[in-house]
Amino acid sequence: MTPLVSDAPIVSIADLTVSYVGADRPAIDGLDLEIAAGEYVGIIGLNGAGKTTLGLCLNGVVPHAIPADVTGKLLVAGIDPRTRRVQDTARTVGVVFDNPEYQLSQLTVVEEVAFGLENLGVDPAEMPARIAEALALVGLEDVEERSPLSLSGGQQQRLALASVLVMRPTVLFLDEPTAYLDPVGKADMLAIADRLHGEDGMTVIVADHEVEALAEIADRIVVLDAGRVVMDGPPAQVLARVEELAKRELRVPQVTQFAHALRPDAQDLPVTVEGALAWLGAG
Amino acid sequence: MTANAPALAMADVRYIYPSPGGGVVALDGVTIEIPPGQTLAVAGQNGSGKTTFGKLVNGLLHPASGSVSVHGQDTTARRVQDLARHVGYVFQNPNHQLFARSVREELAFGPRNLGIAEAEIDRRIGEVAEAFGLTGQLGDHPYHLGFPIRKLVSIASVVTMRPSIMVLDEPTTGQDHRTSDAIVRVIQELRDSGVTVVCISHDMDLVVAVADRVVVLQAGRVVADGTPRVVLADQATMSTTRLRPPQVTRLSLALPGGADRPAALTVDELLRDVRSAGLARVEGLP
């Protein structure tokens, strides 16, 4: 798939530091990160590395709804989310968290998706078409009148995604989108994100522990540790630094561990099964 | 307790959740025997019956037909509290399980309910806290701990009851590599100390690391039952149940001759296979 990457950064962050009230150390501590429009970025790091806080800064929930001291440069599509209302930033950045239960509040699936649009003040005549479009994107068009709580975990997560997509954001941030899903739910979520990126050129940022899935789909892997970026590059380059990642208690794909053990001095290590077959000359 | 009985047995178990449309069949004729000390992984998609399986084991649910027995005794004949002496259950979400004001109280709650003497409870707390690396957190409020530590506390609070059978529902869900590794070590220690473990999970790396045996459920029926090496290499079953074997197993099967030798489940096993004469020629390895 050809990444639809342009030169202009859609996310531009420099020396960002975020300290929650009463916390003994900053959640984000001097973070630098530029993301070009149309990139698919995978973020890995231990729990507590700052992944969720980064998402909350991008959509403005930090510091608007969750108080924190936020310093440094933070621009999304050229605008600082700190300077405008959260509902206005929602047109630019959509964030979906790991547990959809925290995000769902309405009586029916349609109302859930409409909720965000109503907050945006979208023309009611335009709403049905946009809601139908968002539900179709995630494959939930058949459950419009159901209660969100009657849906399966995978459907709930896709509904949380539809509620964000209906605002037509240019940046989608998925925070451990597959953590509570079964393998089918995981595959569905990642396939939708892949389609939004490939067909619509959406900028997609996925924070997840499933490094093998990220290695297959992301253009770029960013490693966060203690609130800052410690590695950044194409999956094959970043994940080849097996020992450095192991020191940070992060794992690399199994085929990368395998190839590294076979040829410890090799720089070009495979990160997927297909890559490993080619690397071994058996593909 | 009946001597020589399986730790757990299900005979033609059906379970149906009541629903306006006439009921949803969650388990549909499951028969299985688990000998004492075995670590069994139960895999399958959500809705396949995995969690129902676990809840039948600890007596939270009783079968619509068929029977479930623990150490040879039918679960319908026993109260959940009595079963709790034998069967410990760790919920997927630690927030659904933790309620005490300190980690120490959390670990003491179960054994105290079983009427264990305070001196013995203190001894167990010390032992379990050390094994789980929680000694420094005993005075902390569980909700002031991070999610990974809360998960370990929720497992530790069941271990202090010293159940002979432990059921863990998706223990590694949402955990990073560091915590998943810690949970694997905890399950391995339980297994080494003779506890019968039922691990409900679709985390195939966890299954490989801990399980003696894997049962795959689909639509309430057992569709595969065997060692991880046999079940995870069964591409037809993996494909119809949409489970994904570990990356290294997929590579092992895709290599020339992969279908004709036992599949590798770990990186070390694949290294051994590839370095053996049969595969070295494939890619001219050192």
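Please refer to the structure placed before this passage.
Residue positions are counted from 1 within each chain, in the order its sequence is given. Working convention: letters from A go to chains and numbers from 1 go to ligands, in the order in which they are written. Local features are withheld for residues below a pLDDT of 70 in this predicted model, meaning they are given only at 70 or higher, and side-chain atom pairs are given and counted only at 80 or more; totals for whole chains, interfaces and linings count all residues.

(A) Quick look at helix α6 (residues 153-165) of chain A. All names here are of chain A. For α6, which comprises 13 residues, the first-to-last C-alpha distance of 18 Å matches the rise-based estimate of 18 Å (1.5 Å per residue) to within 8%. With C-beta atoms placed from the backbone, a residue is buried if 20 or more other C-beta atoms are within 10 Å of its own, exposed if 12 or fewer are, and partly exposed between those counts. Only DSSP runs of H or I with at least four residues qualify as helices, and only runs of E with at least two residues qualify as strands; both kinds are numbered from the N terminus onward. For α6, a buried count of 12 out of 13 residues is recorded, marking the element as mostly surrounded by other parts of the structure. Of all the positions in α6, only G154, Q155, Q156, Q157, R158, L159, A160, L161, A162, S163, V164 and L165 are classed as buried. Placing C-beta atoms from the backbone, we regard two residues as in contact once those atoms come within 7 Å. Residues of α6 that are buried sit in contact with β5 (93-96), α4 (109-120), α5 (127-137) and α7 (183-200). Helices are assigned an expected span. That span is 1.5 Å times one less than the residue count.

(B) Structural detail: the sheet that holds strand β2 (residues 24-34) of chain B. Residues and elements named next belong to chain B. When DSSP locates at least two bridges between a pair of strands, those strands are taken to pair. Strands sit in the order β2-β1-β4-β5 across an open sheet of four strands; the sheet is antiparallel. Each having just a single partner strand, β2 and β5 (73-74) make up the two edges of the open sheet. The sheet contact formed by strand β1 (residues 8-17) and strand β4 (residues 65-70) spans five bridges and is antiparallel. Each residue of the ladder has a partner; that of A11, found in β4, is S67. Note on geometry: axes are lines fitted to C-alpha atoms, helical ones only across the stretch in contact, with angles between N-to-C directions running from 0 to 180 degrees. Strands β1, β2 and β4 of the sheet are contacted by helix α1 (residues 50-57), whose axis makes an angle of about 120° with β1.

(C) Quick peek at the packing of helix α3 (residues 103-113) of chain B against helix α5 (residues 147-159) of chain B. Residue and element names in this part refer to chain B. Two elements in contact, α3 and α5, have axes whose closest approach is 7 Å; the angle formed by their N-to-C orientations is 35°. Where α3 crosses over α5, the handedness of that crossing is right-handed. In contact with V103, E106, L107, F109 and G110 of α3, α5 contributes V153, A156, S157 and V158. For this scheme, ten residues count as nonpolar: Ala, Val, Leu, Ile, Met, Phe, Trp, Tyr, Cys and Pro. Four count as charged, namely Asp, Glu, Lys and Arg, and the remainder, Gly too, count as polar. The residue inventory of the contact of α3 with α5, partitioned by class, reads six nonpolar, two polar and one charged. When the near helix sits turned anticlockwise from the far one by under a right angle, the crossing is termed left-handed; a clockwise turn instead gives a right-handed crossing.

(D) Up close: α3(B). All names here are of chain B. Restricting attention to buried positions, one finds in α3 the residues V103, E106, L107, A108, G110 and P111. Where α3 is buried, its residues meet α4 (118-132) and α5. Just downstream of α3, G115 is the residue with a positive phi angle, here 80°.

(E) The sheet that holds strand β2 (residues 28-36) of chain A, seen in detail. Residues and elements named next belong to chain A. If you walk across this open sheet you meet the three strands as β2-β1-β4, and the pairing is antiparallel. Where the open sheet ends on each side, the last strands, each with one partner, are β2 and β4 (68-76). Between one strand axis and the next, the sheet turns through 10° on average, direction left out of account. Set on the sheet, helix α1 (residues 51-58) makes contact with β1 (9-20), β2 and β4; between it and β1 the angle comes to about 115°.

(F) Structural view of the interface of chain A and chain B. Facing 32 residues of chain A, the contacting portion of chain B comprises 29 residues. Mapped onto the side of chain A that touches chain B, the elements with two or more residues apiece are α6, α7, α11 (254-262) and α12 (273-279) of chain A. Residue composition of the side of chain A that touches chain B, by class: 16 nonpolar, 10 polar and six charged.

(G) Local environment of the environment of A:I79. For A:I79, the position within the fold is in the loop between β4 and α3 (86-89). Each C-alpha atom, one on A:I79 and one on A:V62, is 15 Å from the other, the two residues being 17 residues apart in sequence.

(H) Region of the structure containing the nonpolar core. Counting residues in each nonpolar core, the largest one holds 166 residues, and the members touching the most others are A:A162 and B:C199. Here this core gets seven residues from one element, more than from any other, and that element is α5(B). Leave out the neighbours within four places in its chain, and B:C199 touches B:T39, B:A41, B:L168, B:P171, B:I187, B:L206, B:V210 and B:A211. Think of a nonpolar core as buried Ala, Val, Leu, Ile, Met, Phe, Trp, Tyr and Cys residues, each tied to the set through C-beta atoms within 7 Å.

(I) How the structure looks around the environment of A:L117. Residues and elements named next belong to chain A. In this structure, L117 sits in helix α4. For the pair L117 and V164, spaced 47 residues apart in sequence, the C-alpha separation works out to 9.5 Å. Once residues lying within four places of it in the same chain are set aside, the contact partners of L117 are V122, M127, R130 and V166.

Spatial relationships are all this shows, so hold off on functional conclusions.
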